[in-house]
Amino acid sequence: MKSTKSKLFLCFKWAFLIIVLACIYLPILLIIVYSFSGEPNIGGVNGFGQFTFALYKKLFTNSPRLMDATKNTLIIGVSSALIATFIGTLTSVGLYYLRKGKKAVNFVSEITVVNADIVTAVGFFLLSIFLTRIGLPVEKGMGWLIVAHAVITTPYVILTVSPRLHQLNPNLYEAGLDLGAGPMRSLFTVIVPQLIGGMVSGFALAFTLSLDDFVVTNLNKGTNGVETITTFVYASLRRSLDPAIRALSTIIFVIVLVALIIFNVVKNKKLKTQQKIIK
Amino acid sequence: MPESSETKKTLKKKIVFKPSYFSFPYILLCAIFVVLPLILVFVYAFIDDKTGHFTFSNFAEVFTSANLILLLRTIGIALLTTLICLLIAYPTALILASSPFNKFVILALLFIIPMWMNFVLRVIALKELLTLIGVKNGLFASVIGMVYDFLPFMLLPIYTVLTDMDKSYSEAASDLGANGFKTFVKVTLPLSAKGIASGITMVFMPVFSAYAITDMLGNNNTTLIGKIINELFINSGTWGVGSAFSFVLLLLVFGTMILSNLVGKSPKAKGGAK
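Within any chain, residue numbers begin from 1 and follow the written order of that chain's sequence. To label them, take the chains in the order written and letter them from A, then take the ligands in the order written and number them from 1. Side-chain atom pairs in this predicted model are given and counted only at pLDDT of 80 or more, local residue features only at pLDDT of at least 70, and totals for whole chains, interfaces and linings cover all residues. The side-chain numbers reported here are obtained from all heavy atoms of the structure, hydrogens and water having been left aside.

## Details of the overall build of chain A
Thinking step 1. Per the convention used, a helix needs a DSSP run of H or I reaching at least four residues, while a strand needs a run of E reaching at least two, with both numbered from the N terminus. The helix and strand inventory of chain A stands at 11 helices and 0 strands.
Thinking step 2. Secondary structure elements in chain A, listed N-terminal to C-terminal, are α-α-α-α-α-α-α-α-α-α-α.
Thinking step 3. Computed over C-alpha atoms, the radius of gyration of chain A comes to 24 Å, more than 25% over the 19 Å expected from 2.2 N^0.38 for 279 residues, which places it beyond the range of a compact globule.
Thinking step 4. Summarising its shape, the C-alpha atoms of chain A cover approximately 75 × 75 × 35 Å along the three principal directions.
Thinking step 5. Buried means the residue's accessible area, taken with a 1.4 Å probe over protein chains only, is under 20% of the maximum for its type, while exposed means over 50%, and partly exposed covers the values in between. Relative to its full complement of 279 residues, chain A shows a buried share of 48%.
Thinking step 6. By the convention used here, residues are in contact when the closest approach between their heavy atoms is within 4.5 Å. Looking at chain A alone, contacts between residues at least 24 apart form 70% of all its contacts between residues at least 6 apart.
Thinking step 7. For chain A, the computed accessible surface area is about 14,700 Å², with 67% contributed by carbon and sulfur atoms.
Thinking step 8. With 26 positive and 11 negative side-chain charges, chain A shows a separation of 12 Å between the mean positions of the two kinds. Note on method: radius of gyration uses C-alpha positions; expected globular size equals 2.2 Å times residues raised to 0.38. Surface accessibility in these figures is a Shrake-Rupley result with a 1.4 Å probe; residues are shielded only by whichever protein chains are displayed. Counted as positive: Lys and Arg. Counted as negative: Asp and Glu, with His and the chain ends omitted from the count. Lysine's charge is taken at NZ, arginine's at CZ, aspartate's at CG and glutamate's at CD.

As structure tokens, this is what we get:
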């Protein structure tokens, strides 16, 4: 009697998970399917229409503004994530050895994480005006966005790298110094190689956060026509949206999927070899 | 002991550069790019846009009835989104962390994957689906969009806490005669409070800024405060009011920060006391 009850409960659990998953993936699936359709609108009178790669062709040959936005997004994402990873790692090491003021630094970086995006955006907006007024001409646009995104994502890198640092032997750095390496060399040849895993996760997180940002970018992109994917799609809502966006969405989804699967396979393999070594 | 302190002293003399100095660039960066902007928001909130003098009038503008309704509506949508996210995410996390399901790592991953994809593209996809099944733009569609976007952010912290939880606590509870429901209410739920708290902070405040979603899925009655602030800054001459708005939001942020810290700490404190 009890076993049938628990079996029923198990079925219920599976059903629940499947329903939630279906809700998550149905919209994405719809876009993927219709990325192969020639129809300009989803759910038009012609239904799916003909199977074609036309939208993919259009994306790469005849959607200059969408392609520009994609390029800008990648440039801002990669450069800001690189800066964030570098500063974040450096800071994690510094904070690990810092005695006084650690709490204050952690509090300030927590503000960056939990602050409402719109307030952060306003802050950068006002800062650009303030800096210009005191004689440092700051122009809102690509460079400013890279700086802003780097500042916003650095705390996330610190949050990912710091835990790995605490697993290290605290004397490693000093051992490097004792063996004659300078502070920089000791950092980069002794500490950093041990943190690579955390740095890669931190970079990936910073990069995704940068790609996902809308609010800060929208208020700080300036008037020179620098658009990212998010601001471009948002701006073209009032007009009609380029259907090639379906092809772009599909490509991004596939890249994310493949990257995450590879990342997890590598991580699991590493875990298994580590467990073997421990055994 | 005296020997080691001596070697430390000689080390300190030799090395002028301490490893803690590596954190100094970031501290400088924080001062310029995190603290200074907040000060600027604070200062601008008390400056009259036309005259440049000190004034409280910006706050008077913020608390006009129309704007107050806007603020309350935003808080309402944020609460609703947080609540629905919690009601979906908690059972999902509980199931994923429980026994036959926790063997499949890929299953949990499936729930998190969308988080890594651009949210505007995801919401556009949702909009297409909603239009297809006949759901019109409005409050309902907006809240669906919000939940769709923020669900992983609620799920991940709760799932992490539940998988890290020591199973022996709930086993002990059932050994001592508590039934499944009682074990959940008395043991699992309080122990996962920290995950719930961080999930709530990851959803509640971000909704205030998520005006892209309500612009895609909502109508005139779902405008969020974030959009108004953005517009106040795009138009010149209204930065003071915009800053005052931002300042009010900032106070809300600090409020939720303190609240979530309290909730996160409470189960530990209770456990210690007992």
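## So, the overall build of chain B
Thinking step 1. Looking only at helices and strands, chain B has 13 helices and 0 strands in total.
Thinking step 2. Put simply, chain B runs from its N terminus to its C terminus through helices and strands in the order α-α-α-α-α-α-α-α-α-α-α-α-α.
Thinking step 3. Expected size for 274 residues packed as a compact globule is a radius of gyration near 19 Å; at 24 Å, chain B overshoots this value by more than 25%.
Thinking step 4. Along the first, second and third principal axes, the C-alpha set of chain B runs to 70 × 65 × 35 Å.
Thinking step 5. Buried residues in chain B amount to 47% of all 274 residues.
Thinking step 6. Long-range pairs, those at least 24 residues apart, make up 73% of the contacts in chain B between residues at least 6 apart in sequence.
Thinking step 7. When the 21 positive and 13 negative side-chain charges of chain B are each reduced to one mean point, those points stand 7 Å apart.

## Looking at the side chain of A:Asn218
Thinking step 1. Of note, A:Asn218 is situated in helix H9 (residues 215–220).
Thinking step 2. Classification of A:Asn218 by relative accessible area gives buried; the value is 13%.
Thinking step 3. In terms of polar contacts, A:Asn218 uses its side chain to reach the side chain of B:Tyr211, at 3.1 Å.
Thinking step 4. Setting aside anything within four residues of it in sequence, one finds A:Asn218 in contact with A:Thr231, A:Tyr234, B:Tyr211 and B:Asn230. Definition of a polar contact: a pair of N or O atoms within 3.5 Å, with one able to donate and the other able to accept a hydrogen when the atoms are protein atoms, and with sequence-neighbouring residues admitted only if both atoms are side-chain atoms.

## Notes on a nonpolar patch on the surface
Thinking step 1. Patch definition: residues with relative accessible area over 30% and no salt bridge; like charges joined within 9 Å; nonpolar side chains (Val, Leu, Ile, Met, Phe, Trp, Tyr) joined within 5 Å. Every case where a carboxyl oxygen of Asp or Glu lies within 4 Å of a side-chain nitrogen of Lys or Arg is listed as a salt bridge. Judged by side-chain polarity, A:Leu10, A:Trp14, A:Ile18, A:Ile261, A:Val265, B:Phe104 and B:Ile106 come together as a nonpolar surface patch covering roughly 610 Å² of accessible area.
Thinking step 2. Among the secondary structure elements, those contributing two or more residues to the nonpolar patch are helix H1 (2–34) and helix H11 (245–278) of chain A.
Thinking step 3. In terms of residue count, the dominant contributor to the nonpolar patch is H1(A) (3 residues).
Thinking step 4. Note that A:Ile18 resides in helix H1.

## Comments concerning the confidence of the model for chain B
Residues and elements named next belong to chain B.
Thinking step 1. For chain B, per-residue confidence averages 85 on the pLDDT scale, and residues scoring 70 or more make up 90% of the total.
Thinking step 2. pLDDT under 50 marks residues 268–274. Its contacts with residues more than four places away, or in other chains, come to 0 contacts.
Thinking step 3. Of the two predicted TM-score estimates for the complex, the pTM is 0.87 and the ipTM is 0.87. The quantity called pLDDT is the predictor's confidence in a given residue, expressed from 0 to 100.

## What to know about helix H9 (residues 180–191) of chain B
All names here are of chain B.
Thinking step 1. Across its 12 residues, H9 extends 15 Å between first and last C-alpha, which sits within 8% of the 16 Å expected from 1.5 Å per residue.
Thinking step 2. What H9 keeps buried is the set Thr183, Val187 and Thr188. Buried residues of H9, viewed axially, fall in a sector of 85 degrees; they line one side. Seen from the buried face of H9, the exposed residues on the opposite side, beyond 90 degrees, are Phe181 and Lys186.
Thinking step 3. Where H9 is buried, its residues meet helix H4 (65–97), helix H7 (139–164) and helix H8 (167–175). Expected span of a helix, by definition, is 1.5 Å for each gap between consecutive residues, and there is one gap fewer than residues. What the arc measures is the spread of directions leading from the helix axis to the C-beta atoms.

## Examining the interface of chain A and chain B
How big an interface is tends to be stated in terms of the accessible area lost upon association of its parts.
Thinking step 1. Taken residue by residue, the interface counts 83 residues in chain A and 74 residues in chain B.
Thinking step 2. The quantity reported as buried area is the accessible area (1.4 Å probe) lost by two parts once they are put together, taken as the sum for both. Taken together, both faces of the contact between chain A and chain B bury some 7,300 Å²; the carbon and sulfur share is 82%.
Thinking step 3. The largest contributions to the chain A side of the interface with chain B come from A:Leu17, A:Ile118 and A:Leu126, which together make up 8% of the buried area.
Thinking step 4. Seen at the junction of chain A and chain B, the total is 0 salt bridges.
Thinking step 5. Here chain A and chain B share 9 residue pairs in polar contact (both at pLDDT 80 or more) between them.
Thinking step 6. At 15 residues, H1(A) tops the list of elements feeding residues into the side of chain A that touches chain B.
Thinking step 7. Gly counts as polar in this scheme, as do all residues outside two lists: the nonpolar Ala, Val, Leu, Ile, Met, Phe, Trp, Tyr, Cys and Pro, and the charged Asp, Glu, Lys and Arg. Class assignment for the residues of the side of chain A that touches chain B results in 63 nonpolar, 13 polar and 7 charged.

## Quick word on the pattern of salt bridges
Thinking step 1. Tallied over the full model, the rule gives 5 salt bridges over all chains.
Thinking step 2. In this structure, A:Lys221 and A:Glu227 form a salt bridge, with 3.6 Å as the shortest nitrogen-oxygen distance.
Thinking step 3. Judged by its relative accessible area of 15%, A:Lys221 falls in the buried class.
Thinking step 4. Looking at A:Glu227, the relative accessible area reads 18%, which means it is buried.
Thinking step 5. A salt bridge links B:Lys227 to B:Asp215; its shortest N-O distance comes to 2.9 Å. Of this pair, B:Lys227 sits in helix H12 (residues 225–234) while B:Asp215 sits in helix H11 (residues 211–217), placing them 12 residues apart in sequence.
Thinking step 6. Salt bridges sharing partners connect three or more residues here, namely B:Asp215, B:Lys227 and B:Glu231.

## So, the side chain of A:Ser249
Thinking step 1. Along the chain, the position of A:Ser249 falls in helix H11.
Thinking step 2. A:Ser249 has contacts with A:Ile31, B:Met117 and B:Leu121, leaving out every residue within four places of it along the chain.

## Section: the packing of helix H5 (residues 105–112) of chain B against H7(B)
Residue and element names in this part refer to chain B.
Thinking step 1. Every angle, taken between N-to-C directions, lies between 0 and 180 degrees, and every axis is a line fitted to C-alpha atoms, over only the stretch in contact when it is a helix. With their axes 9 Å apart at the nearest point, H5 and H7 run at an angle of 145 degrees to one another. On H7, the residues touching Ala108, Phe111 and Ile112 of H5 are Pro152, Leu155, Leu156 and Tyr159.
Thinking step 2. Per-class residue counts for the contact of H5 with H7 are 7 nonpolar, no polar and no charged.

## Things to note about the packing of aromatic side chains
Thinking step 1. Planes of paired rings set the category: under 30 degrees apart is stacked, over 60 is edge-to-face and the rest tilted, where pairs are Phe, Tyr or Trp rings (Trp by its six-membered ring) whose centres lie within 6.5 Å. Within the structure shown, the criterion is met by 35 aromatic pairs over all chains.
Thinking step 2. Connected via pairs of aromatic rings, a cluster forms that spans B:Phe42, B:Phe46, B:Phe54, B:Phe56, B:Phe59 and B:Phe247.
Thinking step 3. Two limits define a charge over a ring: the Lys NZ or Arg CZ must be within 6 Å of the ring centre, and within 35 degrees of the ring normal. Here A:Lys140 stacks its cationic end above the ring of A:Phe125, 4.7 Å away from the centre of that ring.
Thinking step 4. Lying over the aromatic face of B:Tyr148, B:Arg122 brings its terminal NZ or CZ to 6.0 Å of the ring centre.

## With respect to the environment of B:Asn179
Residue and element names in this part refer to chain B.
Thinking step 1. Tracing the backbone through its elements, the reader meets Asn179 in the loop between H8 and H9.
Thinking step 2. For Asn179, a relative accessible area of 48% translates into the label partly exposed.
Thinking step 3. As for Asn179 and Thr92, which are separated by 87 residues in sequence, their C-alpha atoms are 21 Å apart.
Thinking step 4. At 2.7 Å, the side chain of Asn179 forms a polar contact with the backbone nitrogen of Lys182.

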